[in-house]
Amino acid sequence: MRVDLQRIAEMVAPGSRVLDIGCGDGALIADLVARLGCDARGLEIDMRLTSEAIARGLSVMQGDADSDLAHYPDDAFDYVVLSRTLQAVARPRDVLRQMLRIGRRAIVSFPNFGHWPVRLHLLRQGRMPMTKAWSRQWYETPNIHPCTIRDFFALCAADGYAIETWMAADDEGNRVRWRGMGTANLLAEQGVFVLRRAG
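Undergrad: Could you clarify how one ought to interpret the state of the cysteines in this entry?
TA: With the rule as written, the count across this model stands at zero disulfides. Counting only cysteine sulfurs, Cys 156 is the nearest neighbor of Cys 147, a cysteine outside any disulfide, at a range of 9.6 Å.

Set out below in structure tokens:
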């Protein structure tokens, strides 16, 4: 399992009800079920990956976060996970709203477009960068809403989401030592956040 998914799994309480949006082949779901006894389910847009997860005995449905989260009832899950997918959905603000409607907490990770090599590439080349997280040309990438850690803090403040905890991480998902938002926004390759509804 990817290191960043291991970090997300560490944020989930044993026995929880979990929905993993954009779950891929179900690696996180399988770990949560086997190791923590969670009732973990997945939603994946790619039919091939959905079929792979189902073949492994996992509870995964083919679906689109932008349209299908509306069909879930309020408070159906303890955690709703969106790992490295926020930047690829059509309406990220609506997806976050739905996540915190159907779940008590949302765990969100995304590549940080404020990372210094990305900024430097734009400054020097004047073209969209390609990195591990941004591995395709701008006209082929599924990433349609790139954001920075600072952008995400601002969105949470605007929509009234409480940030319970957050982590600046490298591309693999290992925690980096910089904690302040400004420094993390410059030096981290991705951010991982646990959110809840305020109040």
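So much for the structure itself; the text now carries on.
Undergrad: Got a minute to help me understand the sheet that holds strand β2 (residues 39–44) in this structure?
TA: Pairing between sheet strands relies on hydrogen bonds along the backbone, with the strands arranged either parallel or antiparallel. With mixed pairing, seven strands are arranged side by side in an open sheet as β3-β2-β1-β4-β5-β7-β6. Two strands in the sheet have a free side with no partner beyond their single neighbour: β3 (60–62) and β6 (161–169). Looking at each pair of strands side by side, their axes are set apart by 15° on average, direction ignored. Relative to strand β7 (residues 190–197), β6 runs antiparallel, the two being bridged by eight bridges. Across the sheet, Ala 162 pairs through a bridge with Arg 196, a residue of β7. On the sheet, helix α1 (residues 3–10) packs against β4 (77–83), β5 (103–111), β6 and β7 and is oriented at approximately 160° with respect to β4.

Undergrad: Hey, could you run me through the packing of α1 against helix α2 (residues 27–36) in this one?
TA: The angle between the axes and the distance between the axes are what describe a pair of packed helices. α2 packs onto α1 with a crossing angle of 45° between their chain directions and a minimal axis gap of 10 Å. Classified by the angle their axes make, α1 and α2 are oblique. Between α1 and α2 lies a crossing whose hand is right-handed. Along the contact surface, α1 presents Leu 5, Ile 8 and Ala 9, while α2 presents Leu 28, Asp 31, Leu 32, Arg 35 and Leu 36. Classifying every residue of the contact of α1 with α2 gives six nonpolar, no polar and two charged.

Each value, and the rule that gives it
- Per chain, the residues get numbers from 1 upward, laid out in the order the sequence is written.
- Where local features are concerned, this predicted model is filtered to residues with pLDDT of at least 70; where side-chain atom pairs are given and counted, the filter is 80 or more; whole-chain, interface and lining totals use all residues.
- The basis for every side-chain value is the complete set of non-hydrogen atoms in the structure, without hydrogens or water.
- Here, a disulfide means two cysteine sulfur atoms that sit within 2.5 Å of each other.
- Here, any two strands with at least 2 DSSP bridges between them count as paired.
- Helix and strand labels come from DSSP, where a helix needs a run of H or I of at least four residues and a strand needs a run of E of at least two; each type is numbered from the N terminus.
- With axes taken as lines fitted to C-alpha atoms, and helix axes fitted only over the stretch in contact, angles between N-to-C directions fall between 0 and 180 degrees.
- Note on definitions: a residue-residue contact is assigned when non-hydrogen atoms from the two residues lie within 4.5 Å.
- The labels follow the angle: roughly parallel below 35 degrees, roughly antiparallel above 145, roughly perpendicular from 65 to 115, and oblique for the rest.
- Handedness of a crossing follows from how the near helix is turned relative to the far one, being left-handed for an anticlockwise turn of less than a right angle and right-handed for a clockwise one.
- Polar here means any residue other than Ala, Val, Leu, Ile, Met, Phe, Trp, Tyr, Cys and Pro, which are nonpolar, and Asp, Glu, Lys and Arg, which are charged; Gly is therefore polar.

From the geometry alone we can't say anything about function, so treat these as descriptive.
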